[in-house]
Amino acid sequence: MSDERPEKPLPELRASDADRDRVVERLRDAVAEGRLDMEEFEERLDAAYKSRTYAELEPLTRDLPAPTGGPLTTATAAAEPWSGRIGGAGGSATAVAVMSGFQRKGRWTVPARFDAVAFWGGGELDLREAEFGQREVVINCVAVMGGIEITVPPGVELDVRGVGFMGAFDQRDDPGPVERGAPRVVVTGFAFWGGVEVKVKRRKGPSLRKAL
């Protein structure tokens, strides 16, 4: 028996955070290229973060060429929301805090394996704006009388498998359904009288405004 339910038109589908972020990135590029002035950018930026469906996002980039020269469509954004963020050379592969702290945030590249050590100190790894050297990355954490906090965006495939001894390895949030093409982030390691905490948070619009 055939399925007689009508296929739902793409414009009526709900947009994801990744879809909105992709449109915002194109708007930022358009400002840098001189295609939009700041007033137009601010108006479209606000509209992008208020959009709930592809139909609401589509008009915001309809008159802008894509970086490759073709039109940027919501269909393309929906098919590959992680396009351009996976592959390439990884950055620094180690972060160490001994009675001090370390931080990796903003635009940085997570290598295939990243080792983080906190001894009587603390560290922060924020992957929300990061790129990934490979489809699967491993973050190995050692926290001894210290703490390491890792923040990932929704939609990634998250695997937390570290061990805590008089300490904790905690995953506080559910990243939700894995998005098409999203990276797999494996968090492993050991915590002794310390802790490793993994959080899931979306990227925020105001930070993009400040970057201009």
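Throughout what follows, the structure given in this document is the object of discussion. (Residues numbered from 1 in each chain as written. Predicted model: local features only at pLDDT ≥ 70, side-chain atom pairs only at ≥ 80, totals over all residues. Heavy atoms only, no water.)

1. What about the sheet that holds strand β13 (residues 195–200)?
Spatial strand order, β2-β5-β8-β13-β11: five strands in an open sheet with parallel pairing. Every interior strand has two partners, whereas the edge strands, β2 (101–104) and β11 (168–171), have only one. Strand-to-strand twist of the sheet, defined as the mean angle between neighbouring strand axes without regard to direction, takes the value 5°. Alignment of β11 against β13, held across four bridges, turns out to be parallel. In the sheet register, F169 faces β13, and the bridge partner there is V196. (Pairing = 2+ DSSP bridges. Helix = DSSP H or I, 4+ residues; strand = E, 2+ residues; numbered from the N terminus. Axes fitted to C-alpha atoms, helices over the stretch in contact; angles between N-to-C directions.)

2. Here's the deal with the pattern of salt bridges
Considering all chains together, one arrives at 13 salt bridges under this definition. Here R28 makes a salt bridge to E25, at a shortest N to O gap of 3.4 Å. In this pair, R28 and E25 are both assigned in helix α1 (residues 17–32), three residues apart and thus about one turn of the helix distant. Residue R184 pairs with E157 through a salt bridge whose shortest N-O separation is 3.1 Å. Highlighted residues: R184 in strand β12 (residues 184–192) and E157 in strand β9 (residues 157–160), separated in sequence by 27 residues. Sharing partners across several salt bridges, the network here consists of E136, E157, D159, R161 and R184. (Salt bridge = Lys/Arg side-chain N within 4 Å of Asp/Glu carboxyl O.)

3. With respect to the nonpolar core
Formed by 30 residues in total, the largest nonpolar core has its most connected members in L125, L127, C141, I150 and V187. Of all the secondary structure elements, the ones that give two or more residues to this core are β1 (94–98), β4 (113–119), β7 (136–144), β8 (147–152), β12 and β13. I150 has contacts with L125, L127, I139, C141, V187, V196, E197, V198 and K199, leaving out every residue within four places of it along the chain. Counting 14 residues, the second-largest nonpolar core is a separate cluster that includes A30, L36, F41 and L57. (Core = buried A, V, L, I, M, F, W, Y, C linked by side-chain atoms within 4.5 Å. Buried < 20%, exposed > 50% of the residue type's maximum accessible area, 1.4 Å probe, protein only. Contact = heavy atoms within 4.5 Å.)

4. Things to note about the packing of helix α2 (residues 38–50) against helix α3 (residues 54–61)
Following both chains from N to C, one finds α2 and α3 inclined at 160°, their axes separated by 9 Å at the closest point. As summarised for this structure, α2 and α3 are arranged roughly antiparallel, according to the angle between their axes. Here the hand of the crossing between α2 and α3 comes out left-handed. For the pair α2 and α3, the contacting residues are R44, A47, A48 and K50 in the first and E56, L57 and L60 in the second. Of the residues belonging to the contact of α2 with α3, the class tally is four nonpolar, no polar and three charged. (Parallel < 35°, antiparallel > 145°, perpendicular 65-115°, else oblique. Left-handed = near helix turned anticlockwise from the far one by under 90°. Nonpolar A, V, L, I, M, F, W, Y, C, P; charged D, E, K, R; others polar.)

5. Focus: the packing of α1 against α3
Across the interface, α1 lies against α3 with an axial gap of 10 Å and an inter-helix angle of 10°. With respect to α3, the element α1 is oriented roughly parallel. Where α1 abuts α3, its residues D19, R20, V23, R26 and L27 lie against Y54, L57, L60 and T61.

6. Some remarks on unusual backbone geometry
Backbone geometry at M99 places phi at a positive 55°, although glycine is not the residue there. The residue M99 is located in the loop between β1 and β2 in this model. In this structure, M145 takes a positive phi of about 55° despite not being glycine. In this fold, M145 is placed in the loop between β7 and β8.

7. Observations concerning the environment of R35
On the secondary structure map, R35 appears in the loop between α1 and α2. Considering only alpha carbons, one finds R35 and L64, 29 residues apart in sequence, at a separation of 7.8 Å. Setting aside residues no more than four positions away along its own chain, R35 makes contact with R26, A30, E40, L64 and P65. Polar contacts involving the side chain of R35 include one to the side chain of E33, which spans 2.7 Å. (Polar contact = N/O pair within 3.5 Å; in protein donor to acceptor, adjacent residues only side chain to side chain.)

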